[in-house]
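Listed here are the chains, written in short residue letters.
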Amino acid sequence: MIKMVCAIAVAGFMVSGCSSQKSTTPEEAQYQRVLAAAHTCADEVREKTIALVANGAPTRTRWTTADYVTKDATGKEHRRSVEYRTSTILDNGSEGSAWKKCMQDDDALVPELTFTR
């Protein structure tokens, strides 16, 4: 009988613990979406560049980060980073344009992103 009560108590604890996950704010959800898209787009630029270089095309590429800047209710600025990649062969004279186009296609080129050199 005691073993059954203990088993039920443990099962109840596990169910309540698993179901009480912390909810994500809309702002955090947007950042996570942009972060995932940035990673995917950086990989896409890298893979396309590698394929072109393998065929003999000269290029320069740079892996860096872009800032994701938000302000809280008090006006305090918060900066986080996302991946950002450039490739001269894909960017056609406009640094980062291939990555930005990919982000735009994923609806992830948001105003919170800032770029520094």
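Here's what I pulled together on the structure shown here. (Residues numbered from 1 in each chain as written. Predicted model: local features only at pLDDT ≥ 70, side-chain atom pairs only at ≥ 80, totals over all residues. Heavy atoms only, no water.)

Before going further, it helps to spend a moment on the state of the cysteines. Two cysteines form a disulfide when their sulfur atoms are joined by a covalent bond. Taken as a whole, this structure holds 1 disulfide when the rule is applied. With a sulfur-sulfur separation of 2.1 Å, cysteine 41 is cross-linked through a disulfide to cysteine 102. Disulfide cysteine 41-cysteine 102: torsion about the S-S bond near -80°, hence left-handed. In this pair, cysteine 41 sits in helix 2 (residues 26-54) while cysteine 102 sits in helix 4 (residues 97-105), placing the two residues 61 residues apart along the sequence. When sorted by exposure, cysteine 41 lands in the same class as cysteine 102, which is buried. (Disulfide = S-S within 2.5 Å. Helix = DSSP H or I, 4+ residues; strand = E, 2+ residues; numbered from the N terminus. Buried < 20%, exposed > 50% of the residue type's maximum accessible area, 1.4 Å probe, protein only.)

Inspection of the secondary structure puts aspartate 91 in helix 3 (residues 88-91). Despite being buried, aspartate 91 has no salt bridge partner; arginine 62 is the closest side chain of opposite charge, sitting 8.1 Å away. Among the polar contacts listed, one links the side chain of aspartate 91 to the backbone nitrogen of glycine 96, at a separation of 2.8 Å. Setting aside its immediate chain neighbours within four residues, aspartate 91 contacts Thr86, Gly96, Ser97 and Ala98. (Lys, Arg positive; Asp, Glu negative; His and termini not counted. Salt bridge = Lys/Arg side-chain N within 4 Å of Asp/Glu carboxyl O. Polar contact = N/O pair within 3.5 Å; in protein donor to acceptor, adjacent residues only side chain to side chain. Contact = heavy atoms within 4.5 Å.)

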